[in-house]
Amino acid sequence: MAVEELQSIIKRCQILEEQDFKEEDFGLFQLAGQRCIDEGHIDQLLEVIQNEKNKVIIKNMGWNLIGPVVRCLLWNNKEDDKRKYFLMLDLLVKLCNPKELLLGLLELIEEPSGKQISQIILLLLQPLQTVIQKLHSNKSYSVGLALSTIWSQLSLLPVPYSKEQIQTDDYGLCLCCKALIEFTKPFVKEVTDDKENSLENQRLKDELLKFCFKSLKCPLLTAQFLEQSEEAENDPLRSFASEIIGRGPLASRLWPIPPAGPVLIGPRSGQPAGQPPTVFSSRQGFLSAIGYPFPKMIFNHGKKKKTWDYLEFEEEEDKQLADALASLAYLVFVQGISIDQLPMVLSPSYLLQFNMGHIEVFLQRTEESVFSKGLDLLENSLLRMEDNSLLHQYLEIKSFLTVPQGLVKVMTLCPDETLRKKGLAMLQLYINKLDSQGKYTLFRCLLNTSNHSGVEAFIIQNIKNQIDMSLKRTHNNKWFTGPQLISLLDLVLFLPEGAETDLLQNSDRIMASLNLLRYLVIKDNENDNQTGLWTELGKIENNFLKPLHTGLNMSKAHYEAEIKNSQENSQEVQRSKDFCSVTVGGEEMPNMPPEMQLKVLHSALFTFDLIESVLARVEELIEIKTKSTSEENTGIK
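The model shown is predicted, which means the values in this text are computed figures rather than measured ones.

Some details on the overall build of the protein chain
Inference 1: Check the secondary structure of the protein chain and you find 27 helices and four strands.
Inference 2: Here the protein chain holds 637 residues, and the buried ones make up 50% of them.
Inference 3: If you take every contact in the protein chain between residues at least 6 apart in sequence, the share linking residues at least 24 apart comes to 75%.

So, the packing of aromatic side chains
Inference 1: Following the criterion strictly, the structure yields nine aromatic pairs and no others.
Inference 2: Summarising the aromatic geometry, the rings of tyrosine 394 and phenylalanine 400 are spaced 5.4 Å apart at their centres and angled 35° between planes, so their arrangement reads as tilted.
Inference 3: Judged by its relative accessible area of 0%, phenylalanine 400 falls in the buried class.
Inference 4: Here the aromatic cluster, defined as three or more aromatic residues joined through ring pairs, consists of Tyr440, Phe443, Trp479 and Phe480.
Inference 5: When the ring centre of tyrosine 171 is taken as origin, the NZ or CZ atom of lysine 115, which lies over that ring, is 5.6 Å away.
Inference 6: Stacked on the ring of tyrosine 519, the Lys or Arg lysine 464 has its end atom at 4.9 Å from the ring centre.

Concerning the environment of leucine 407
Inference 1: For leucine 407, the location among the structural elements is in helix H20 (residues 399–413).
Inference 2: A C-alpha to C-alpha distance of 9.6 Å links leucine 407 and phenylalanine 371, two positions 36 residues apart in sequence.
Inference 3: Non-local contacts of leucine 407, meaning those with residues more than four positions away in its chain, are made with Leu363, Leu375, Leu378, Gly423, Met426 and Leu427.

Here's the deal with the nonpolar core
Inference 1: Within the largest apolar cluster, 190 residues are counted, with the highest numbers of intra-cluster contacts made by Leu128, Phe183, Leu514 and Leu548.
Inference 2: Broken down by element, the residue count for this core peaks at eleven residues, all from helix H27 (residues 594–636).
Inference 3: Not counting residues up to four positions away in its chain, the partners in contact with leucine 128 are Leu102, Leu105, Leu106, Ile109, Ala146, Ile150 and Phe183.

With respect to the packing of helix H7 (residues 98–110) against helix H8 (residues 116–134)
Inference 1: Where H7 contacts H8, the axes come no closer than 10 Å and their chain directions differ by 160°. One finds that H7 runs roughly antiparallel with respect to H8. For the pair H7 and H8, the crossing hand works out as left-handed. Contacts between H7 and H8 pair Pro98, Leu101, Leu102, Leu105, Leu106, Leu108 and Ile109 from the former with Ile120, Ile121, Leu124, Pro127, Leu128, Val131, Ile132 and Lys134 from the latter.
Inference 2: Among the residues forming the contact of H7 with H8, the class breakdown is 14 nonpolar, no polar and one charged.

Quick notes on unusual backbone geometry
Inference 1: Cis geometry is adopted by the peptide bond preceding proline 219, which originates at cysteine 218 and carries an omega value of 15°.
Inference 2: Here proline 219 is to be found in the loop between helix H12 (199–217) and helix H13 (229–232).
Inference 3: Despite not being glycine, asparagine 388 shows a phi value in the positive range, around 65°.

A look at helix H18 (residues 348–364)
Inference 1: The terminal C-alpha atoms of H18 lie 24 Å apart, and with 17 residues this matches the ideal 24 Å at 1.5 Å per residue to within 8%.
Inference 2: Largest kink in H18: about 35°, centred on methionine 356.

Regarding the environment of glycine 454
Inference 1: Examined against the element boundaries, glycine 454 turns out to sit in helix H23 (residues 453–472).
Inference 2: When its relative accessible area of 25% is taken as the criterion, glycine 454 is described as partly exposed.
Inference 3: Between the C-alpha atom of glycine 454 and that of arginine 509, which follows or precedes it by 55 residues, the distance is 6.4 Å.

Focus: helix H21 (residues 417–433)
Inference 1: Its 17 residues give H21 an end-to-end C-alpha distance of 25 Å, which sits within 8% of 24 Å, the value for a rise of 1.5 Å per residue.
Inference 2: Among all positions of H21, only Leu419, Gly423, Met426, Leu427, Leu429, Tyr430, Ile431 and Lys433 are buried.
Inference 3: Contacts from the buried residues of H21 go to H18, helix H19 (368–382), H20, helix H22 (436–449) and H23.
Inference 4: Capping of H21 at its N-terminal end is provided by aspartate 416; its side-chain oxygen lies 3.0 Å from the backbone amide nitrogen of threonine 418.

Observations regarding the environment of leucine 123
Inference 1: For leucine 123, the location among the structural elements is in helix H8.
Inference 2: Each C-alpha atom of the pair leucine 123 and leucine 73 lies 8.7 Å from the other, and the pair is 50 residues apart in sequence.
Inference 3: Those residues in contact with leucine 123, other than ones at most four positions away along the chain, are Val70, Leu73, Leu74 and Phe86.

Quick notes on the confidence of the model for the protein chain
Inference 1: Counting all residues, the mean pLDDT for the protein chain is 84, and 83% of those residues have values of 70 or more.
Inference 2: For the protein chain, the element scoring lowest by mean pLDDT is strand E1 (residues 263–264), at 45; H21 scores highest, at 97.
Inference 3: Counting contacts from residues 262–282, a segment whose pLDDT is below 50, to residues more than four positions away or on other chains yields 39 contacts.

Details of the packing of H20 against H22
Inference 1: Where H20 contacts H22, the two axes come as close as 11 Å, and the packing angle between them is 45°. As far as their axial angle goes, H22 and H20 are oblique. Crossing geometry of H20 relative to H22 is assigned as right-handed. Contact with H20, carried on its side by Leu401, Pro404, Gln405 and Val408, involves Leu442, Cys445, Leu446 and Thr449 of H22 and no other residues of that element.

What to know about the side chain of asparagine 64
Inference 1: Tracing the chain through its elements places asparagine 64 in the loop between helix H4 (55–61) and helix H5 (66–75).
Inference 2: Classification of asparagine 64 as buried rests on a relative accessible area of 10%.
Inference 3: Filtering out sequence-adjacent residues up to four positions away, asparagine 64 remains in contact with Phe26 and Gln30.

A few points about the pattern of salt bridges
Inference 1: Going through the model one piece at a time under the given rule, you end up with 25 salt bridges.
Inference 2: Glutamate 367 is the salt-bridge partner of arginine 365, the closest N and O atoms lying 2.6 Å from each other.
Inference 3: Residues glutamate 379 and lysine 422 are paired through a salt bridge, measuring 3.0 Å at the closest nitrogen-oxygen approach. With a gap of 43 residues between them, glutamate 379 in helix H19 and lysine 422 in helix H21 connect regions that are remote in the sequence.

Considering the state of the cysteines
Inference 1: Within this structure, the stated rule accounts for zero disulfides.
Inference 2: Looking at cysteine 174, it has no disulfide partner, and the nearest cysteine sulfur is the one in cysteine 177, 6.5 Å off.
Inference 3: Unpaired in terms of disulfides, cysteine 176 finds its nearest cysteine sulfur in cysteine 177, a separation of 7.1 Å.

Some points on the side chain of serine 453
Inference 1: Mapped onto the fold, serine 453 is located in helix H23.
Inference 2: When its relative accessible area of 10% is taken as the criterion, serine 453 is described as buried.
Inference 3: A polar side-chain atom of serine 453 sits 3.3 Å from the main-chain amide nitrogen of aspartate 508.
Inference 4: With residues near it in sequence (within four places) discarded, serine 453 still touches Gln505, Asn506, Ser507, Asp508 and Arg509.

Rules behind the numbers
- Throughout this document, residue positions are counted from 1 along each chain, in the order its sequence is written.
- Since the coordinates come from a predicted model, pLDDT governs what is reported: local features require at least 70, and pairs of side-chain atoms require 80 or more to be given and counted, while whole-chain, interface and lining totals use all residues.
- Hydrogens and water are ignored here; the side-chain numbers use all heavy atoms of the structure.
- Counting from the N terminus, the helices are DSSP H or I runs at least four residues long and the strands are E runs at least two residues long.
- Buried means the residue's accessible area, taken with a 1.4 Å probe over protein chains only, is under 20% of the maximum for its type, while exposed means over 50%, and partly exposed covers the values in between.
- Residue contacts follow a heavy-atom distance rule, with two residues in contact if any of their heavy atoms lie within 4.5 Å.
- Working definition: rings of Phe, Tyr and Trp (its six-membered ring) pair if their centres are within 6.5 Å, and the pair is stacked with planes under 30 degrees apart, edge-to-face with planes over 60 apart, and tilted otherwise.
- We call a charge positioned above a ring when the Lys NZ or Arg CZ atom is no farther than 6 Å from the ring centre and deviates by at most 35 degrees from the ring normal.
- Here, nonpolar core refers to any group of buried Ala, Val, Leu, Ile, Met, Phe, Trp, Tyr and Cys residues whose side-chain atoms link them within 4.5 Å.
- Here, axes are lines fitted to C-alpha atoms. For helices the fit covers the stretch in contact, and angles between N-to-C directions go from 0 to 180 degrees.
- Any angle from 65 to 115 degrees is called roughly perpendicular, while one under 35 is roughly parallel, one over 145 is roughly antiparallel, and all others are oblique.
- The sense of a crossing depends on the near helix, which, turned anticlockwise from the far helix by less than a right angle, makes the crossing left-handed and, turned clockwise, makes it right-handed.
- Note on residue categories: nonpolar means Ala, Val, Leu, Ile, Met, Phe, Trp, Tyr, Cys or Pro, charged means Asp, Glu, Lys or Arg, and polar means any other residue, Gly included.
- For a helix, the expected span equals 1.5 Å multiplied by the residue count minus one.
- Note that the bend at a residue is defined as the angle between axes fitted to the seven residues ending at it and the seven residues starting at it.
- Polar contacts, as counted here, are pairs of nitrogen or oxygen atoms within 3.5 Å of one another; within protein the pair requires one atom able to donate a hydrogen and one able to accept it, and residues that are adjacent in sequence qualify only if both atoms are side-chain atoms.
- The predictor attaches a confidence to each residue, and that confidence, scored 0 to 100, is pLDDT.
- Any Lys or Arg side-chain nitrogen found within 4 Å of a carboxyl oxygen on Asp or Glu counts as a salt bridge.
- Cysteine sulfur pairs qualify as disulfides if the two atoms are within 2.5 Å.

This is the structure in structure tokens:
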């Protein structure tokens, strides 16, 4: 019945001119063709499509059969039927109106979700490429529309992050990336072959550039790469990145760091006059092939004069360009992809300055796979520098302060212990590279902004180390002795809320401050007063030591009372329920067994006893030093 209906429509349309086809004819043809497919009349439908007399009809109406044919290819497992459906798809791609086909294919790509996304993309990329190549006008728009549609779907797929996930490729993302490169190559070649650089060619370049940006952001921004060099050769996501950037030398995860000093990033490759322009090759990469070599891209990012000429890219900058260029910097400097394309000698401080903006972008993200790349890029940049060589003037650049603040967030908020420890190591490495004034400035900044007792204790320990080095030098460092140091100590030797300060929450900071004060009392004699401590001792006692005494007495009394109440009530609570609650510092502790609550309260008391013992030792040392100095002065008189 379906075949007869189709033949009836074909006979009626054969006698009509192309412009006389009605909307009703399109609908009837699609319905009859769909029924033929549903009822298994594949051979009869193929005969209709292959019949030369039906050429005009198929050209105008055949694209309506693309959807049913594609769905059969996806769900029909019979090999003989599949062969016929593939033949039918090839014929429709060859015979149908390419504009209509383009829209039909893209609609099919947009439909699926989950694992079906990769299946339909892999099936339709080749037909889509053929259709676009048949278009002779406004091809750039068609390429851009196709790449944007495909990328939007691929961005929905989870990015594999382990070796096992990359190898299994359950969602087909890696296969799609490889196929997408092959899909794009003819259009890249078309750009490089056009010597006239027409307006249409420039528009095609722009669409390809957008595709490169989007690919650098997704999947490459979050992608994890295989570490061993022999495995890296078979890493599909790394290969995808190499096709976009260029096929440089294979590198391990962390590109080897040359000794500190001027860095030769690549060969000095001057191009002789009259040398013919470079042609596109697989080693060259898409960016270079379309006229945007990656050194030009990343080194011009953030400058007033943009690398591109069209206003649309100004909008792109805010949306995703920062992520894309940060990803590009990581791939080049850490993964070492095409790093040999940088034909210049760059100082380590310039490389750090350049990369700091990208590191800032990484650390602002919440995905562990992303901000871990920021840590790797920072390490790569810092290891090129000598200690104490980073001038304090660099801290006037916003990213040089926001990056260490980002490291603090990693250290305190990241759930992964390995990344927290690396964040701490990177902050220490960064501190080591700064000159004395730079360290001083950074310490002040972090003491004012970190709002975390453990981080403040870490900074105070670094201050102590700098004071120690200053006192051991023949020429004192003015930033960690005298008036400058006193200004810094004002941020260290005080309690934020006086005697009311939560001593338990601030215990790390308080212990570090007391240890610093103990060190200063021991190392700096009152007569020398290199640090200025003895001049400011009265203020330190009023702002720090006395309030700390009062706070300790209040805190110990409070916790001792809570322990007494908990012990008195524990038996009664145990009879009625298994959990009890205790209020400490105005906040109710989480429900836990009475034994556990007592353990927590005793631990707090132990902390207060520890602080009190160090405080007593500091006051004892001050008394001894003051008395000794007084006796010496009396003896001199």
